[in-house]
Amino acid sequence: MLGPDFPFMYDDWITHPAGVGRLPKDALGTPVAVIGGGVSGLVAAYELMRLGLRPVLYEAEQIGGRMRSAPFENRPDVTAELGAMRFPSSATTLHHYVNLVGLETRPFPNPLTAASGSTVIDVGGLQTYARDAGDLPDVYQEVGMAWDKAVQESAEFYAMNDAIRRRDTTAIKAIWNPLVRALDDQSFYGFIAGSPYFQSFRHREIFGQVGFGAGGWDTDFPNSMLEILRVIYTGAEDDHQLIVGGSQQLPERLWRLAPDDIAHWPAGTSLEALHGGAPRGSVARIERAARGITVHESKGGARTYPAAVFTPHKRTLITNVRCAGHLLPGPVWSAVERSHYMGSSKLFVLVDRPFWRARDERTGREVMSTTLTDRMPRGVYLFDDGPDRPGVMCLSYTWNDDSLKMAPLTAEERLDAVLEALADIYPDVDIRSRIIAPPRTITWETEPRFMGAFKSNLPGHYRYQRRLFTHFMQDEMPRHHRGLFLAGDDVSWTAGFAEGAVTTGLNAVWGVVNHLGGGTPPGNPGPGDLFHELAPVELPDA
């Protein structure tokens, strides 16, 4: 996911044999606060420890953040992916850590892929069965071609895709920077509605329901078109993988992993060992002090650090964590306040076996398929671990307004409503009789420490996003604004993807090392060293 805004090659940087940084001897062992135990916080803490610092992790709930793999009742060996569940192969920095901790991946059963086997598209009460995109009726082919033509003619898709594959940063910036200026104020819907290839409302409606890649995109229609281009340019909607056994294993294993090449600390040191087995608890307040950043815990007690990394959703700085206004520069505070987050709900059930693989004697088709619908469930995904193992069904995956329909309902009420809708699509399938455990469900916008699934910029938000992303570059800031580094996927240019959480965590690592008087080794410059060469284009405010 070599993003066009800041095309730095993080995967090369972290795998370079010289390492990612060096610190003065008197800085070794220095404690650094890392707030948030999601994948961004764990990557930052792991790399800071590897460099010889002492990260102190604060986590209010459980290690994992939105990598939350929840076991079913009485079946701890089977999980529902309530948060992150599909990871593009182009997320090479993320996959470095997946491989580092020894996790296995396999293709995710997205619509119209070999991993799903078959797909049913239900729009306006009419069902279409397909094994791949070539099986779809002509109107769907027309919509697909309209999208291809729109992004090629108005956004140079093929040229950008080629430049990213070649890692030609000069070509990437030459294409992208003018597009930022041209499209910052353009919504996704405005882009397609203004295209000569989408003049038919029916085409726009089908595109919204079925979309491209992982499914429908109409809930993204109000968002900035730049957000969508970043996704398709970087292959973020293609070739998804799932993590076998659950994605939460990644941050949990980083917590326990003892690096082979660790500075300062004795062999066998892990984050878990440095913390005596458990991270510190939730943070009630963050404030600046004469000697750095003071972190107050909810249960009482405070400690001042020369540097700190903040990885949770940035809106929690407004709602959950008390902090003085001078904690961040004024323009960065404005960016935090204006950030727009998308909501999302999921509903999972555990069934006795993957019964959907059985064939309907009348049609010869599977009795049930991966499903995209314009009704309440929106997306249905089926997970098969073999004929002798229970099956997991994601019966509903919704966003924004569709998610809000779920928010007031209990788990059982959600299940009733979704099963009623699916009965119209699969009238001969009795899903309820197969369920062997209570449903697992979540609505991220009602989770008090998240209040949304992920950030997605609205038209005109590019300047805000740039302020958040570039916050790790602090040499030109007044001294009273240095030392606190923002990280997490909502700081990245591709919010909602774990790759962005990982790479902004690495930006913060570079920032901390630089702040403490260290630097990168010769021959392996970091994101801050190449910042001015690769910097996101700056739009004027006046």
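Every chain begins its residue count from 1, and numbering advances along the sequence as written. At least 70 in pLDDT is required for a residue's local features to be given in this predicted model, at least 80 for side-chain atom pairs to be given and counted, and no such filter applies to totals for whole chains, interfaces and linings, which use all residues. For side-chain calculations, the full set of non-hydrogen atoms in the structure is used, while hydrogens and water are omitted.

A. Here's a closer look at the pairing of strand 10 (residues 283-289). At least two DSSP bridges between two strands are required for those strands to pair. Where helices and strands are cited, they refer to DSSP runs of H or I of at least four residues and of E of at least two residues respectively, numbered from the N terminus. Two elements, strand 10 and strand 11 (residues 292-297), share 6 bridges in a ladder whose sense is antiparallel. Looking at the pairing, Ala-289 lines up with Gly-292 of strand 11. Between strand 10 and strand 11, which pair antiparallel and follow one another directly, the connecting turn spans 2 residues. Where strand 10 meets strand 14 (residues 322-323), 2 bridges bridge the pair, whose relative direction is parallel.

B. Inspection of empty space enclosed by the protein at higher detail. Think of a 1 Å grid over the protein atoms and nothing else: a 1.4 Å probe that fits but is trapped marks a cavity, an open set flanked by protein within 12 Å on at least five of seven lines marks a pocket, and residues with an atom within 4 Å of a point count as lining. Grid points are joined across faces, edges and corners, and a volume is the space filled by probe spheres set on the points. Within this structure, the stated rule accounts for 2 cavities of 30 Å³ or more. As for the largest cavity, its lining consists of Pro-109, Ala-115, Ser-116, Ser-118, Trp-356, Arg-357, Glu-366, Met-368, Ser-369, Thr-370 and Leu-382. Of the residues that constitute the lining of the largest cavity, the class distribution is 5 nonpolar, 4 polar and 2 charged. Around the second largest cavity sit Asp-184, Ser-224, Leu-226, Glu-227, Arg-230, Asn-457, Leu-458, His-461, Tyr-462, Gln-465 and Trp-493, which together line it. Listed by contribution, the elements that provide at least two residues to the lining of the second largest cavity are helix 9 (225-233) and helix 16 (462-469). Residues are grouped as follows: Ala, Val, Leu, Ile, Met, Phe, Trp, Tyr, Cys and Pro are nonpolar; Asp, Glu, Lys and Arg are charged; all remaining types, including Gly, are polar.

C. Expanded view of the environment of Leu-82. Looking at the element boundaries, Leu-82 is found in the loop between strand 4 (75-81) and strand 5 (87-88). Between the C-alpha atoms of Leu-82 and Arg-440, which are 358 residues apart in sequence, the distance is 8.1 Å. Among all residues touching Leu-82, those that are not within four sequence positions of it are Arg-68, Ala-70, Lys-346, Phe-348, Arg-440, Thr-441, Ile-442 and Trp-444. Note on definitions: a residue-residue contact is assigned when non-hydrogen atoms from the two residues lie within 4.5 Å.

D. Up close: the nonpolar core. Here, nonpolar core refers to any group of buried Ala, Val, Leu, Ile, Met, Phe, Trp, Tyr and Cys residues whose side-chain atoms link them within 4.5 Å. Summary of the burial criterion: residues with accessible area below 20% of their type's maximum are buried, those above 50% are exposed, and those between are partly exposed, where the area comes from a 1.4 Å probe applied to protein chains only. Within the largest apolar cluster, 104 residues are counted, with the highest numbers of intra-cluster contacts made by Leu-94, Tyr-97, Trp-147, Phe-188, Tyr-233, Leu-250 and Val-512. Among the elements that take part in this core, helix 17 (residues 498-515) stands out by supplying 9 residues, more than any other.

E. Seen up close, helix 3 (residues 92-100). By the burial criterion, the buried members of helix 3 are Thr-93, Leu-94, His-95, Tyr-97 and Val-98. Just past helix 3, the residue Gly-102 takes up positive phi, approximately 80 degrees.

F. Just the packing of helix 3 against helix 17, in detail. As a packed pair, helix 3 and helix 17 sit with axes 8 Å apart at the nearest point and diverge in direction by 85 degrees. Between helix 3 and helix 17, the angle falls in the class roughly perpendicular. Residue-level inspection shows Thr-92, Thr-93, Leu-94 and Tyr-97 of helix 3 in contact with helix 17, the latter providing Ala-498, Glu-499, Val-502, Thr-503 and Leu-506. The residue makeup of the contact of helix 3 with helix 17, split by class, is 5 nonpolar, 3 polar and 1 charged. Here, axes are lines fitted to C-alpha atoms. For helices the fit covers the stretch in contact, and angles between N-to-C directions go from 0 to 180 degrees. By the definition adopted for this analysis, an angle is roughly parallel if under 35 degrees, roughly antiparallel if over 145, roughly perpendicular if from 65 to 115, and oblique otherwise.

G. Region of interest: the packing of aromatic side chains. Any two rings among Phe, Tyr and Trp, with Trp reduced to its six-membered ring, count as a pair given centres within 6.5 Å; such a pair is stacked if its planes are under 30 degrees apart, edge-to-face if over 60, and tilted if neither. Applying the stated criterion to the full structure yields 28 aromatic pairs. Considering the side-chain rings of Phe-6 and Phe-8, the 6.2 Å spacing of their centres and the 25 degrees angle between planes classify their relative orientation as stacked. There is no split in this pair, since Phe-6 and Phe-8 are both buried. Seen in terms of ring centroids, Phe-157 and Tyr-158 are 5.2 Å apart; in terms of plane orientation they differ by 75 degrees. Their pairing is edge-to-face. Each member of the aromatic cluster is reached from another via a ring pair, and the members are Phe-6, Phe-8, Tyr-10, Trp-13, Tyr-462, Phe-469, Phe-472, Trp-493, Trp-510 and Phe-531. One cation-aromatic arrangement involves Lys-346 over Tyr-397; the distance from NZ or CZ to the ring centre is 4.6 Å. Whether a charge sits over a ring depends on NZ of Lys or CZ of Arg being within 6 Å of the ring centre and within 35 degrees of the ring normal.

H. Looking closely at the side chain of Thr-294. By secondary structure assignment, the location of Thr-294 is in strand 11. Side-chain atoms alone can form a polar contact between residues adjacent in sequence; in general such a contact is a pair of N or O atoms within 3.5 Å, and within protein one must be able to donate a hydrogen while the other accepts it. Of the polar contacts made by the side chain of Thr-294, one reaches the side chain of Thr-304; its length is 2.6 Å. Those residues in contact with Thr-294 that sit more than four places away from it in its chain are Arg-285, Ile-286, Glu-287, Ala-289, Ala-302, Arg-303 and Thr-304.

I. Broad picture of the sheet that holds strand 6 (residues 105-107). Here 3 strands make up an open sheet; going across it, the order is 5-9-6 and the pairing antiparallel. Edge strands, defined here as strands with exactly one partner in the open sheet, are strand 5 and strand 6. When strand 6 meets strand 9 (residues 240-243), the two strands line up antiparallel, connected through 3 bridges. The residue bridging Arg-106 from the neighbouring strand is Leu-242, located in strand 9.

J. View of the pattern of salt bridges. Put simply, a salt bridge is a Lys or Arg side-chain nitrogen that is within 4 Å of an Asp or Glu carboxyl oxygen. A complete count under the given rule lists 33 salt bridges for this structure. With a shortest N-O distance of 3.3 Å, Asp-184 and Arg-463 are connected by a salt bridge. Within this pair, whereas Asp-184 is found in the loop between helix 6 (169-183) and helix 7 (188-193), its partner Arg-463 is found in helix 16, the two being separated by 279 residues in sequence. For Asp-184, a relative accessible area of 4% gives the class buried. A salt bridge links Glu-227 to Arg-230, with the nearest nitrogen and oxygen atoms 2.6 Å apart.

K. Highlighting helix 17. Helix length check: helix 17, at 18 residues, gives a terminal C-alpha distance of 26 Å against a target of 26 Å (1.5 Å per residue), a fit within 8%. With respect to burial, helix 17 is a largely interior element, 16 of its 18 residues being buried. Where helix 17 ends, the next residue or the one after it, Gly-517, has phi of about 90 degrees, a positive value. Here a helix's expected span is defined as the number of its residues, less one, multiplied by 1.5 Å.

L. Quick peek at the sheet that holds strand 12 (residues 302-305). The sheet built from 4 strands is open, its strands ordered 12-11-10-14 with mixed pairing. Each having just a single partner strand, strand 12 and strand 14 make up the two edges of the open sheet.

What is shown is where atoms sit, not what they do.
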